Structures are given as C-alpha cells and as structure tokens.
Amino acid sequence: MESRKKFCVAVAVLIIVTEFASCHVVFKVQHKFAGKEKKLAHFKSHDTRRHSRMLASVDLPLGGDSRVDSVGLYFTKIKLGTPPREYHVQVDTGSDILWINCSPCPKCPSKTNLGFSLSLYDVKASSTAKKVGCDDDFCSFISNSDSCQSDLGCSYHIVYADQSTSQGNFIRDNLSLDQVTGDLKTGPLGQEVVFGCGSDQSGQLGKSESAVDGVMGFGQANTSVLSQLAAAGDAKRVFSHCLDNVKGGGIFAIGVVDSPAVKTTPMVPNQMHYNVILMEMDVDGAPLALPPSIAKKGGTIIDSGTTLAYLPQALYDSLIETITARQPVKLHIVEETFQCFTFTKDVDQAFPPVNFHFEDSLKLTVYPHDYLFSLESDIYCFGWQVGGMTTDERSEVILLGDMVLSNKLVVYDLENEVIGWADHNCSSSIKVKDGSGGVYSVAADNLSSAPPLLMTGKLLAILAIFVAVAFT
C-alpha cells in the first residue's frame, strides 16, 4: 500500500462565514486544451498525472505516465506583492492552498512550453510581504505549536502519490484582483492572503515541460484563498464555472449567482473532494445497473480539472454496449484505451444522450457531441474511460470531468453543502448578486490577443474565464 500513498496538506483552518458581500472582482483564466482537434493521448496523460495528485482517498491503477507535474486544464495570471508582480498559477478544484515557487529555489522549473516566462516570488522584493510566524493565528490552526520552529516560521509540506514533494514557508502578502465596478467593468483591488512560498520541489514537480509558477486550490479545505476571504468577511464560500469546450470561452465565478437559476444536489459530507450521490444512470431511457456502493457511499466525484469521465469496468462495458446497440459501429482501439470508429453522419442525430440522475432529482445530460471526440475527419472516439478507481474501503468510484461538465454552469456552494448545474451558453454571461441587492453581469472572453501556445505540434487555444468574487 506504500506505493499508493496519498498526498496530504497538513492544514486545517476554522472559519466564520459572513452573510453579505457588496462588490466583486474578476481575473482571467487560460485553458490548456480548448477545442476538439487534439491528440487523445494528451487527455489521458493529463488525467493520469492529475489523479495521482488530487485523488487522495482512492487507488488509481491507470498505468501510463504517473507524473504529478501536470499544469491542469486551467491556469490564470495573478499578481502578488508590492509592487505587484505577475504569476501564472493552476486553478485546481482538487487542491486546497495557493502556493508559488519562491526564490531561491534551485529545483524549481526554469522554463515552460505554455508561452510565458516563469517567475519566482521574492519575499525581499515585496514591501508588504510578512513571514507567518509560529504565533500567527493562521499557523495556530495548521500545525501543532510544538512542531513550529520560530526561526523558520510556519511551514507547509505536500507529498504527492509518486513521492514528489513541495515545501516551504507560509507568507502573508497582497493578492491583486480586478474588482467589478459595474456591468463588464473592472478596477484594481488588493486583498491580503496567506500562501505557501515553495522553496524546495522534488521529483517531477521541478521537471514539467508545461510548468506554471504555482497552484491556486479551490478545494473544500479552509486554507484556500476562497476560505480565507470568507473568514475575513470578504466573500461567500460559493464558486461556479461555465466552460465552453468548443470556442474556448468560459466563466469562473466566486460568489452567489443570480442567473441562470441552478438546481442542486447535496454534497456528501466529510469528503476531501466534491462527492455527490448518483441514484440512477440511463442511455436515453434505457437503465444501466450501478455498482451498489456508488449510491450508498457517494462514490461519484465532480472535478472540472479532469478532462474525461472514468467509470467502473462493468458500468463502462454496459454503457458502450447500450450506446452501440442504438447506433451500431465497428469499434477499434486507438492509443491502447480509446474505443473509436468511422462515422460520416451527424453524431447528435444518430447517437443517444446519456443521463445521470442524482439525489434530489438533479439530472445531468451528456450529449453525443460532449462524449464523442473527433480524432480526425470522420473518425470519432468515446470519451468514456475505464477508471478502475476505488476508495480506501475498496468501493468503486465514478469521476466526472470536463467532458460532462462543459456547456453547463456548475455551482459549488460550500456554505449550503450543495452542488448544482444548468445548461448554459458558456460564451455568453451570467449575473452575480451581492448582499446589497446589486446584480452584475460577468461575461466570458477569449484572449485572442495572446500569442499562440504550442504543445507537441498542436495549437493550444486560450480560454479566458472571469472570476467574480464577492467582497464587503
């Protein structure tokens, strides 16, 4: 079992959530894999690396590249310090803190193929940077006072599944955001946050070809930037995303969504990830048999950072068999795991939708254009994959990624412990609401002025996602 070690972040912060907020901020997030024309190996390779990092409570016998240095699907530009300096960080719903590579760091990556220069945060270069000491309230929540060394300050240490690590000290400094001052208008706003200053990376974390400067976690733990803002009375613990997998546009909003209306299902309590209860599954009305543990133990994880959708073997076999019974095709294997076929007609007219039915009657419909990827002209592949994932108790797990979440507004309400979604045009806009009754439009954008990004000969489209955060 040692080879299946989980990652851990030894942090836990008690927070108090406030009732109201009165303004919003935004920042842009870029997409690593937008559009349809890409090698399927990119999807599987990304997911394999990601799962070894973010799925702390499951076993992942997926094989292939087990590195944990994936950038993730989304990364954003943020500014830290005074004067503010720009950093590119992964936006990750599967991790719980913001950490940045810091100077000096001899093992940190020095270059990336994502089209920008990497930067190291320098505590000495920021006039507002403060080391988080052992007597700091934040540190009292995340470590035993006896283990904190006063000369080093409050520290963090992350161990990933392949034994790669990131460690350093916590720093308190200004995070610069773009405040929403009206419909589709922004202005500068700075907020003080605590983040990890990573000065020592081991394993694959220092060797990624698609490296970024750090990770901004949007997990449930109270050490996230979102939870810090909530603890300070600056934001509600609610965020949402709407991802356009065709045009590369989208929205990532922190705060209460006024419209469109979203129906929700309860989150499974006391889980590290966003688990929900899947009650039934069907192919255009034809029911599929679920493993008993899926409904009883909440073994369905919602994660936009994963590209595809992963199912237990028996469920996967039943799903493919039922779909191809409705539309017969001759399947062949591509890149060892993808079931592909030749087809010249409209897939949405020929293939059936797949429906997931969750607790409290929340339905998620996945259409053929979502679960089928065009490998090349007239050749399609199923995005459904065999996950083979289990919990520590050996219960089977379903992992639903970007493939089934795209073209929907997905809301994560940590205050009320619910997740919900609604079909939406993710290249349009949503409305966010503040505590004073004001409602603001937040629109998607595509960073068309940015230079093209190349990845193994393929063009990487850039996704602009606006993040609206409610502040007091």
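Treat the numbers as computed from the prediction; the structure is a model and nothing was measured.

## Details of the nonpolar core
Working step 1: Ranked by internal contacts, the top residues of the largest apolar core, which has 78 residues, are Tyr121, Phe356, Tyr371 and Trp384.
Working step 2: Among residues more than four places away in sequence, those in contact with Phe356 are Leu278, Glu280, Met281, Leu362, Lys363, Leu364, Val366, Trp384 and Leu400.

## Quick notes on the pairing of strand β12 (residues 214-217)
Working step 1: Alternating positions in β12 separate into two faces, Gly214 and Met216 on one and Val215 and Gly217 on the other, with burial throughout.
Working step 2: Pairing of strand β6 (residues 85-92) with β12, which is carried by four bridges, proceeds in the parallel orientation. Bridged to Gln90 within β12 is Val215.
Working step 3: Pairing of strand β7 (residues 98-101) with β12 involves three bridges; the strand directions are antiparallel. Within β12, the position partnered with Leu98 by the bridge is Met216.

## What about the confidence of the model for the protein chain?
Working step 1: Of all residues in the protein chain, 69% attain a pLDDT of 70 or more, and the chain-wide mean is 75.
Working step 2: Low pLDDT, under 50, characterises residues 1-23; the predicted model gives this stretch 73 contacts beyond four residues in sequence or across chains.
Working step 3: Taken as a whole, residues 33-37 scores under 50 in pLDDT and shows 15 contacts with residues more than four places along the chain or in a different chain.

## Things to note about helix α5 (residues 313-326)
Working step 1: Its 14 residues place the ends of α5 20 Å apart at the C-alpha level, agreeing with the 20 Å of an ideal helix rising 1.5 Å per residue.
Working step 2: Along α5, the positions that sit buried rather than exposed are Leu315, Tyr316, Leu319, Ile320, Thr322, Ile323 and Thr324.

## Thoughts on the state of the cysteines
Working step 1: Applying the stated rule across the entire model yields six disulfides.
Working step 2: The disulfide that involves Cys105 links it to Cys108, with 1.9 Å between the sulfurs. On the sign convention where negative means left-handed, the S-S torsion of about 80 degrees between Cys105 and Cys108 marks this disulfide as right-handed. The residues Cys105 and Cys108 share a single accessibility class, namely buried.
Working step 3: Between the sulfur atoms of Cys340 and its disulfide mate Cys381 the distance is 1.9 Å. In this structure the cystine formed by Cys340 and Cys381 twists about its S-S bond by roughly 100 degrees; its chirality is therefore right-handed. One end of the pair, Cys340, is in strand β23 (residues 338-342); the other, Cys381, is in strand β27 (residues 379-382), and 41 residues separate them in sequence. Comparing Cys340 with Cys381 shows no difference in burial state: the two are buried.
Working step 4: The connectivity of the disulfide-linked cysteines in the protein chain, indexed sequentially, is 1-8, 2-3, 4-6, 5-7, 9-12, 10-11.

## Some thoughts on the pairing of strand β33 (residues 429-433)
Working step 1: Residues Ile430 and Val432 of β33 are buried on one face, while the alternating residues Ser429, Lys431 and Lys433, pointing to the opposite face, are not.
Working step 2: Sheet topology note: the strand β15 (residues 256-259)/β33 ladder contains three bridges and is antiparallel. Each residue of the ladder has a partner; that of Val257, found in β33, is Val432.
Working step 3: Here β33 pairs with strand β34 (residues 439-443) via five bridges, running antiparallel. Among the inter-strand pairings, Ser429 is bridged to a residue of β34, identified as Ala443.

## Topic: the sheet that holds strand β19 (residues 286-288)
Working step 1: One open sheet accounts for four strands, arranged β19-β18-β24-β25; its pairing is antiparallel. Taken across any chain shown, the strands that pair with only one partner, and hence form the sheet edges, are β19 and β25 (362-366). Ignoring which end each strand starts from, the neighbouring axes of this sheet average 25 degrees apart.
Working step 2: Here strand β18 (residues 278-283) runs beside β19; their pairing, made up of three bridges, is antiparallel. Residue pairing across strands places Met281 opposite Leu288, the latter belonging to β19.
Working step 3: Packed on one face of the sheet, α5 meets β18, β19 and β24 (354-358) and runs near 30 degrees to β18.

Analysis parameters
- Along each chain, numbering runs from 1 in the same order as the chain's sequence is written.
- Per-residue local features of the predicted model are confined to residues with pLDDT of at least 70, and side-chain atom pairs are confined, for both listing and counting, to 80 or more; whole-chain, interface and lining totals are unaffected and use all residues.
- Water and hydrogen atoms play no part in the side-chain values, which are based on all heavy atoms of the structure.
- Throughout, nonpolar core names a set of buried Ala, Val, Leu, Ile, Met, Phe, Trp, Tyr and Cys residues whose side chains join them through atoms within 4.5 Å.
- Each residue's exposure class comes from its accessible area (1.4 Å probe, protein chains only) as a fraction of the maximum for that residue type: buried when under 20%, exposed when over 50%, partly exposed otherwise.
- Two residues qualify as a contact provided that any one of their heavy atoms is within 4.5 Å of a heavy atom in the partner residue.
- Where helices and strands are cited, they refer to DSSP runs of H or I of at least four residues and of E of at least two residues respectively, numbered from the N terminus.
- By definition, two strands form a pair when at least two bridges between them are found by DSSP.
- What pLDDT conveys is the predictor's confidence in a given residue, as a value from 0 to 100.
- Expected span of a helix, by definition, is 1.5 Å for each gap between consecutive residues, and there is one gap fewer than residues.
- In this description, a disulfide is simply a cysteine sulfur pair whose atoms lie within 2.5 Å.
- Only the contacting stretch of a helix is used when fitting its axis, a line to C-alpha atoms as for every element, and angles between N-to-C directions run 0 to 180 degrees.

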